[in-house]
Amino acid sequence: MDKLLQDLRYAARRLASSPGFAAAALLTLALGIGANSAIFSVVDGVLLRPLPFREPDRLVRLYTHGAGAPPSEISAPDFMSLREQSGVFTDVAAYTESNATLTGTGEPESLKGLWVSAGFFRVLGVSPVLGRGFVPDANLPGHAREVVLSYGTWRDRFGSDARVLGRTLMLNGVQRTVVGVMPEGFAYPSDRQLWIPIPYDSSFSASASTNRRAEYLDAVGRLKPGVSLARAQSAVATVAARLRREYPETNTGVEATVLGLHEATVGDVRMPLLVLLGAVGFVLLIACVNVANLLLARMAARESEIAVRAALGAGRGALVRQLLTENLLLGVLGGTLGLLLAHWGVAALVSLRPQDIPRLDAVGLDGRAVAFTGAVSLLTSVLVGIFPALKATRPDLAASLREGGRGGGAGRAATRLRGTLVVAEVAMAVVLLAGAGLLIRSFVQLQRVDPGFRPDGVVSFDLTLPRAAYPEDAQVGAFHAALLGRIREMPGVKSAGAVSAIPMGGSKTNITFDVVGRAPAKQGEEPSMDVRLATADYVRTMGIPVLRGRAFDTRDRA
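Residues numbered from 1 in each chain as written. Predicted model: local features only at pLDDT ≥ 70, side-chain atom pairs only at ≥ 80, totals over all residues. Heavy atoms only, no water.

## Observations concerning the overall build of the chain
The helix and strand tally for the chain stands at 14 helices and 13 strands. Taking all 558 residues of the chain together, 37% fall into the buried category. Considering only contacts in the chain between residues 6 or more positions apart, those separated by 24 or more positions represent 76%. Looking at the chain as shown, the accessible area adds up to about 30400 Å², and 60% of this sits on carbon and sulfur atoms. (Helix = DSSP H or I, 4+ residues; strand = E, 2+ residues; numbered from the N terminus. Buried < 20%, exposed > 50% of the residue type's maximum accessible area, 1.4 Å probe, protein only. Contact = heavy atoms within 4.5 Å. Areas by Shrake-Rupley, 256 points an atom, 1.4 Å probe, with all protein chains shown as cover.)

## With respect to the pairing of strand S11 (residues 254-260)
Where a strand is regular, its side chains alternate between the two sheet faces. Here S11 lies mainly inside the structure; five of its seven residues are buried. By the bridge criterion, seven bridges tie strand S1 (residues 59-66) to S11 in an arrangement that is antiparallel. Directly across from Leu62, in S11, lies its bridge partner Val258. (Pairing = 2+ DSSP bridges.)

## As for the packing of aromatic side chains
If you walk through the whole model with that rule in mind, you get 14 aromatic pairs. Relative to Tyr188, the ring of Phe53 lies with its centre 5.9 Å away and its plane at 85°, an arrangement referred to as edge-to-face. Separated by 135 residues along the polypeptide, Phe53 in the loop between helix H2 (19-48) and S1 and Tyr188 in the loop between strand S8 (174-181) and strand S9 (194-197) bring together distant segments of the chain. (Phe/Tyr/Trp six-rings, centres within 6.5 Å; stacked < 30°, edge-to-face > 60°.)

## Concerning helix H5 (residues 151-158)
Given 3.6 residues per turn, any residue in an α-helix points the same way as the ones three and four places further on. Every buried residue of H5 is listed here: Thr153, Trp154 and Phe158. Within H5, the buried residues cover an arc of 100° as seen down the axis, which keeps them to one side. Taken together, the buried residues of H5 touch strand S5 (130-131), strand S6 (146-149), strand S7 (168-171) and S8. Two residues or fewer past H5, Gly159 is found with a positive phi of approximately 60°. (Arc of directions from axis to C-beta.)

## Focus on the pattern of salt bridges
All chains considered together, the criterion is met by 25 salt bridges. The partner of Arg368 in a salt bridge is Asp44, with the nearest N and O atoms 2.5 Å apart. On the criterion of sequence distance, the pair formed by Arg368 in helix H10 (residues 367-392) and Asp44 in helix H2 is long-range, its members being 324 residues apart. A residue is classified by how much of its surface remains accessible, and Arg368, at 42% relative accessible area, is partly exposed. When the shortest N-O distance is used, the salt bridge between Glu55 and Arg54 registers 3.3 Å. Taking the relative accessible area as the measure of exposure, Glu55 reaches 40% and is therefore partly exposed. When salt bridges with common partners are traced through the structure, they connect Asp44, Arg49, Asp366 and Arg368 into a single cluster. (Salt bridge = Lys/Arg side-chain N within 4 Å of Asp/Glu carboxyl O.)

## Here we look at the nonpolar core
When a protein is soluble and globular, its nonpolar side chains tend to lie buried together. With 44 residues, the main nonpolar core has Phe79 and Phe89 as its most contacted residues. Here this core takes six residues from helix H6 (residues 229-246), the largest share from any one element. One finds Phe53, Met182, Trp195 and Leu261 within the second-largest nonpolar core, a separate group that totals 23 residues. (Core = buried A, V, L, I, M, F, W, Y, C linked by side-chain atoms within 4.5 Å.)

## Notes on unusual backbone geometry
Omega for the bond connecting Tyr188 with Pro189 falls within 30 degrees of zero, at -5°, which places this linkage in the cis form. Tracing the backbone shows Pro189 in the loop between S8 and S9. Positive phi values are uncommon outside glycine, yet Asn211 reaches one of about 65°. Looking at the element boundaries, Asn211 is found in the loop between S9 and strand S10 (215-223).

## Digging into the pairing of strand S4 (residues 109-116)
Examined bridge by bridge, strand S3 (residues 89-103) and S4 share eight bridges and lie antiparallel to one another. Directly across from Leu102, in S4, lies its bridge partner Glu109. Count of turn residues in the S3/S4 antiparallel hairpin: five residues, of which Gly104 carries a positive phi of about 90°. Here S4 runs beside S9; their pairing, made up of four bridges, is parallel. If you follow Leu114 over to S9, its bridge partner there is Trp195.

## Some points on the confidence of the model for the chain
On average, residues of the chain carry a pLDDT of 83, and 87% of them reach 70 or more. Confidence scores differ between elements of the chain, with helix H11 (residues 397-405) showing the lowest mean pLDDT of 49 and helix H4 (residues 120-124) the highest of 95. Confidence drops under pLDDT 50 across residues 404-410; counting only partners more than four residues distant or on other chains, this segment forms eight contacts. (pLDDT = per-residue confidence, 0-100.)

## Looking at the environment of Val382
The topology assignment puts Val382 in helix H10. Overall, Val382 belongs to the partly exposed group, its relative accessible area being 44%. Distance in space between the C-alpha atoms of Val382 and Thr325 is 9.6 Å, their sequence separation being 57 residues.

## Notes on helix H3 (residues 76-85)
Taken across its 10 residues, H3 has seven buried, putting it largely inside the fold. Turning to H3, its buried residues are Ala76, Pro77, Asp78, Phe79, Met80, Ser81 and Leu82. Regarding H3, its N-cap is Ser75, as a side-chain oxygen of that residue lies 3.3 Å from the backbone nitrogen of Asp78 further along. Looking one or two residues past H3, Gly87 carries a phi angle of roughly 75°, positive in sign. (Polar contact = N/O pair within 3.5 Å; in protein donor to acceptor, adjacent residues only side chain to side chain.)

## Regarding the environment of Pro197
Along the polypeptide, Pro197 turns up in strand S9. The buried category is assigned to Pro197, whose relative accessible area is 4%. C-alpha separation for the pair Pro197 and Val135, spaced 62 residues apart in sequence, amounts to 9.7 Å. Pro197 has contacts with Trp115, Val116, Phe134, Ala138, Asn139, Glu146 and Arg176, leaving out every residue within four places of it along the chain.

## What to know about the side chain of Thr64
Here Thr64 shows up in strand S1. Its relative accessible area of 3% is what places Thr64 among the buried residues. A distance of 3.1 Å separates a polar side-chain atom of Thr64 from the backbone oxygen of Glu73. With near-sequence residues (within four places) excluded, Thr64 lies in contact with Pro71, Ser72, Glu73, Ile74, Asp78, Leu82, Arg213, Glu215, Val254, Glu255 and Ala256.

Dropping the structure here:
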């Protein structure tokens, strides 16, 4: 221990005597280690950590889709059929996103809501921190209207008052009773402010023959103990085959798929994040090569000193230990600075909250990230220091003294080693630059793609009318007509329109069709299209070109 402390003090003095070298080496290591720590924190939080639910390995997502098509949402009848007939789940829950307007407690506020089946929280294995979840028959007509609040809504809107339980809230014009508050941080499938039971109608029946292609629900299930994912897939495939036979008009060609909930949540970002982790790994290697070159150049001036110490009796092990101690101190300081840079980087990423990255609530610099940074710092210290240390302490003392005596220049062997490191560094940098150039080129080309409309000067907002206040379609139409009329009269507004889902966003409504005058397609092979409801001025407002004929107008409403 005394020798180690002595080596550390000597290493500190050596670094202090060369402030330029120390600053360059520390900054290089900090950038490499900081980038790796920041990306590792994201990879760890998003990909490596299990989902924050009870026995997350038993949780799955259920999908239906056409043959060869990607997994998609599920209809209410198919959901009930899979729930009741598969036999491999303890329970299956459905949910769909929908905002809710809160009134009667001050200024009206639109809250992000999730409409769920009664067993939603039970399937995930998460209990409210206050109160309870929904009663089993909460979805059935005529039963008590309930609502569960998120922890953030309870804290921010109701001041963390436990007396919120039993309080009546007006949501979308309907009175609902607060029965529970979810734990802080509960965010599945994303941050929500409240949960409301889905009102079951006639379509929520395993025997329903209509609405089987009205696919608007997401479904999550919990496997029975001992049931594998492969067995669950076989079970739902059997149910899907039975539905194809029983309901050929709607279910021909429809298949069912089961995915692990973790894979379903992070599958789309797994490869991009791993590629990004590999890229910053290359950055760290380049930083290591840079610092190793700096150390070799520094060692050239110290070869005479080391040779003299060896001639006076210092063993090669002691010399290597001393040099590695200097590198270890350099790595620790660089890792500490890198951890600070990683903290800033992770905080900036989380504050941006990119929608394409799930589970951002689990991203942060915690003990695992600090341990990773420490391990990277130690590994970096060894990588950047082992070759310079071995080269500087080679046993050819006479050659070292002769080369040092001729002006302290580097020997030919050291020069060759530095040249090799430079070649490796340039090669890795070229690989990174080529990848970055291709990404930038792809991004520029994507920016030039014509989306089919003109987004410049267009602003949008979401609007949801409470069905209790506008029960008739005619009332909804009159409201939208009056609203658009007032918007068009605002200064600076050229035109205004409305649509059920904006381009490249919102939920899709797919329908199949036949062309009049042509033979109908076979069941399951009908052409389909994405349908969105729009007002007369929508096409003109979005700058969508009409290739033939005309856009519709108010005369076409009927």
